[in-house]
Amino acid sequence: VSETGLADSTLLLGSSADPQLVVGCYRLKFACDSPVAFSDFPGSAWRGALGHALVRLACTSEARDCPPCRRPQACAYGYLFETAPPPGAMKMRKYNQVPHPFTLRLEETEELSCTLRAHLFGRANGYLPLFVAALRQAGQSRQGIARNRLALASVSQESVPGSGDWRRIDHPEGTLLPLAPVTPVLPACPAAVEVRLLTPLRVKSDGRPAGKATLDFGAFFSVLLRRISMLTYFHGEVPLETDFKSLVAAARSVRGDAALRWREQVRHSARQQSEMKLGGVVGTLRIEGQDLSPFWPFLWLGQWTHAGSAASMGNGAYELASLPSPRLAR
């Protein structure tokens, strides 16, 4: 969340059409004995290492693979990492997996330390101790994180997402005393806003990834709305109920100034033994002189959920900034 005054309001997400999703925001700081080095796609390494550690800590099936297992919903690893539609689900029934209840993003690196930003959604916050233990174990494993041997130094939590009030929640004896996670506070909708895409946003248009010339607000909002809807349905207590069709149609009529570029990312899949390209667009979308209030609750919440493909690995991260003196819409 940018430091532009957008988080000053205390208007809560309240109407039935607004998304209701509890978000836990955590910072895990790691120390290293040698200089830290990551590729251009660090989120892939973090997510892969997390998965291997979760299997070791939580999986009780001899198969070590979720499809043969008959109780994936009762397993922390199955829920967090191989997240499948539960029995009786009315959405995404034809899919093997639904959106994972977390995002990971490498927030800061220094010569001998790094900070990982992790967001947990809804019920996933109940697994925070296991989540932290898995990341701790992953950092100290033989391969470490992208060959960086990392020791967990501290865990902090933001009291309210976007407030900037970070509090340390780990204690010397090794216990965690987390704060109760809450739904982000929604400020008043500004007259003009800039969407700053921090990590590659991967959105498909006509079966192909949208590039810098084809990504617009409508395409961006459509994938964001879908992701938030799925997260509230599978991981929250209050599934989103709104007029999806009308919202997407209205978003397609929004015009803005885009300054975008393509950033390629390559991920090595150990399971498929192949290289996968997961690039997307980064840059800014500026929207002025138009009514953004129907989209504002989703835009605000999306700063924690991310948008587009590979969001759990850190893709599609963005922040919002208000713009002064908006011009009239052309």
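Residues numbered from 1 in each chain as written. Predicted model: local features only at pLDDT ≥ 70, side-chain atom pairs only at ≥ 80, totals over all residues. Heavy atoms only, no water.

(A) Inspection of the overall build of the protein at higher detail. For the protein, the helix and strand inventory stands at six helices and 13 strands. Taken across its 330 residues, the protein has 50% of its residues classed as buried. Here the protein has roughly 16,100 Å² of accessible surface; of this, 50% comes from carbon and sulfur atoms. (Helix = DSSP H or I, 4+ residues; strand = E, 2+ residues; numbered from the N terminus. Buried < 20%, exposed > 50% of the residue type's maximum accessible area, 1.4 Å probe, protein only. Areas by Shrake-Rupley, 256 points an atom, 1.4 Å probe, with all protein chains shown as cover.)

(B) Examining the environment of R27 more closely. As for its position among the elements, R27 is in strand β1 (residues 23–32). Separated by 79 residues in the primary sequence, R27 and L106 place their C-alpha atoms 9.7 Å from one another. For R27, the contacting residues outside a window of four places in its chain are E107, T115, L116, R117, S154, V155, S156 and W166. (Contact = heavy atoms within 4.5 Å.)

(C) The pattern of salt bridges, seen in detail. All chains considered together, the criterion is met by eight salt bridges. The salt bridge partner of R27 is E107, with a shortest N-O separation of 2.7 Å. Taken as a pair, R27 in strand β1 and E107 in strand β2 (residues 102–110) lie far apart in primary sequence, 80 residues in all. E107 gets classed as partly exposed once you look at its relative accessible area, which sits at 28%. Through salt bridges with shared partners, one network takes in R27, E107, R117 and E158. (Salt bridge = Lys/Arg side-chain N within 4 Å of Asp/Glu carboxyl O.)

(D) Spotlight on the sheet that holds β1. Across the sheet, which stays open at both edges, the five strands sit in the order β2-β3-β1-β4-β5 with antiparallel pairing between neighbours. The open sheet is flanked by β2 and β5 (166–168), the only strands paired with a single partner. Ignoring which end each strand starts from, the neighbouring axes of this sheet average 30° apart. Here nine bridges tie β1 to strand β3 (residues 113–121), and the two strands are oriented antiparallel to one another. Opposite L28, over in β3, you have L116 as the bridge partner. Most of the contacts of helix α6 (residues 296–305) go to β3, to which it runs at about 130°, and overall it touches β1, β2 and β3. (Pairing = 2+ DSSP bridges. Axes fitted to C-alpha atoms, helices over the stretch in contact; angles between N-to-C directions.)

(E) Structural detail: the sheet that holds strand β6 (residues 192–201). On the basis of which strands lie adjacent, the open sheet formed by four strands has the order β9-β12-β6-β13 and antiparallel pairing. Each edge of the open sheet is held by one strand with a lone partner, namely β9 (257–263) and β13 (318–322). For this sheet the average axis-to-axis angle between neighbouring strands, irrespective of direction, equals 10°. Sitting on the sheet, helix α4 (residues 217–235) touches β6, β12 (280–288) and β13, and the angle it makes with β6 is about 70°. The strands touched by α6 are β6 and β13; relative to β13, the strand with the most contacts, the crossing angle is about 130°.

(F) Region of interest: α6. A large share of α6 lies buried, amounting to ten of its ten residues. At the C-terminal side of α6, H306 shows a positive phi close to 65°.

(G) Looking closely at the confidence of the model for the protein. A residue-level look at the protein finds 86% of positions with pLDDT of 70 or above and a mean pLDDT of 87. Scored below 50 in pLDDT, residues 1–16 makes 41 contacts in the model with residues more than four places away or belonging to other chains. (pLDDT = per-residue confidence, 0-100.)

(H) Inspection of the state of the cysteines at higher detail. In total, this model carries zero disulfides according to the counting rule given. Here C32 stays free of any disulfide, with the sulfur of C114 as its closest cysteine sulfur at 7.7 Å. (Disulfide = S-S within 2.5 Å.)

(I) Broad picture of unusual backbone geometry. Residues other than glycine seldom take positive phi values, yet H306 does so here, at roughly 65°. Mapped onto the elements of the fold, H306 is located in the loop between α6 and β13.

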